[in-house]
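Examination of the molecular architecture
Here's the letter readout for the chains.
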Amino acid sequence: AMSFASRPTQTRFSLLLLEEQEYYFYDHGVTLRPPSMDGPQYSSVHRREGSVHGRLKVCSHSLVFDPDDEAIPVMRLPLKDVQQIVSIRGRKGAFAVLANSRTEMKENGIDAPYRFLKVCCTVVYTASTEL
């Protein structure tokens, strides 16, 4: 089991998680405030802090969040379903993404059917000082 503060030994992100003809450009260390922390995959530490650490992968058709904690699923936001990306005043390096859908995959590091959620969600990212 991985503790919240530890770094993963390997990423769950793979180019196979992307659409055909989609390109991966780069990634950033970020802190994510997910749309909901109701599931059992979120620990009391996540709920208390209200956020999850990980890497934001910027791709040609999507934004992919690869959390450090493998219990939390990798989250993909297709850019075609993103309604708005806005910076958050007073929080350097923070921005919110408003999307109509998201895909969750590889929860607990397990290759299982993806969950396609057609719900409006706002995801807040803050750039980490540590890269």
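Coordinates for the structure precede this section.
Please read all numbers here as calculations on a predicted model, not as lab measurements.

1. A short note on the overall build of the protein
A count of helices and strands for the protein gives one helix and nine strands. Across the protein, helices and strands are ordered from the amino to the carboxyl terminus as β-α-β-β-β-β-β-β-β-β. Across the 131 residues of the protein, 43% fall into the buried class. Counted over contacts in the protein with a minimum sequence separation of 6, partners at least 24 positions apart contribute 56%. Total accessible area on the protein stands at roughly 7700 Å², and carbon and sulfur atoms take up 53% of it.

2. Regarding the packing of aromatic side chains
Scanning the model with the defined rule gives one aromatic pair in all. Both rings, one in Y114 and one in F116, keep their centres 6.3 Å apart while their planes meet at 55 degrees; by these two values the pair is tilted. For Y114, a relative accessible area of 35% translates into the label partly exposed.

3. Regarding the nonpolar core
In terms of nonpolar packing, the biggest core is built from 15 residues, with L32, F65, M75, L77, V97, V123 and Y125 touching the most fellow members. When contributions to this core are tallied by element, the ones reaching two or more residues are strand 1 (24-33), strand 2 (52-59), strand 3 (62-67), strand 4 (74-78), strand 6 (94-99) and strand 9 (121-127). In terms of residues, this core owes the most to one element, strand 2, which gives three residues. Core analysis: the next-biggest nonpolar cluster, separate from the first, contains seven residues, F13, L17, C59 and V64 among them.

Conventions adopted
- Residues numbered from 1 in each chain as written.
- Predicted model: local features only at pLDDT ≥ 70, side-chain atom pairs only at ≥ 80, totals over all residues.
- Heavy atoms only, no water.
- Helix = DSSP H or I, 4+ residues; strand = E, 2+ residues; numbered from the N terminus.
- Buried < 20%, exposed > 50% of the residue type's maximum accessible area, 1.4 Å probe, protein only.
- Contact = heavy atoms within 4.5 Å.
- Areas by Shrake-Rupley, 256 points an atom, 1.4 Å probe, with all protein chains shown as cover.
- Phe/Tyr/Trp six-rings, centres within 6.5 Å; stacked < 30°, edge-to-face > 60°.
- Core = buried A, V, L, I, M, F, W, Y, C linked by side-chain atoms within 4.5 Å.

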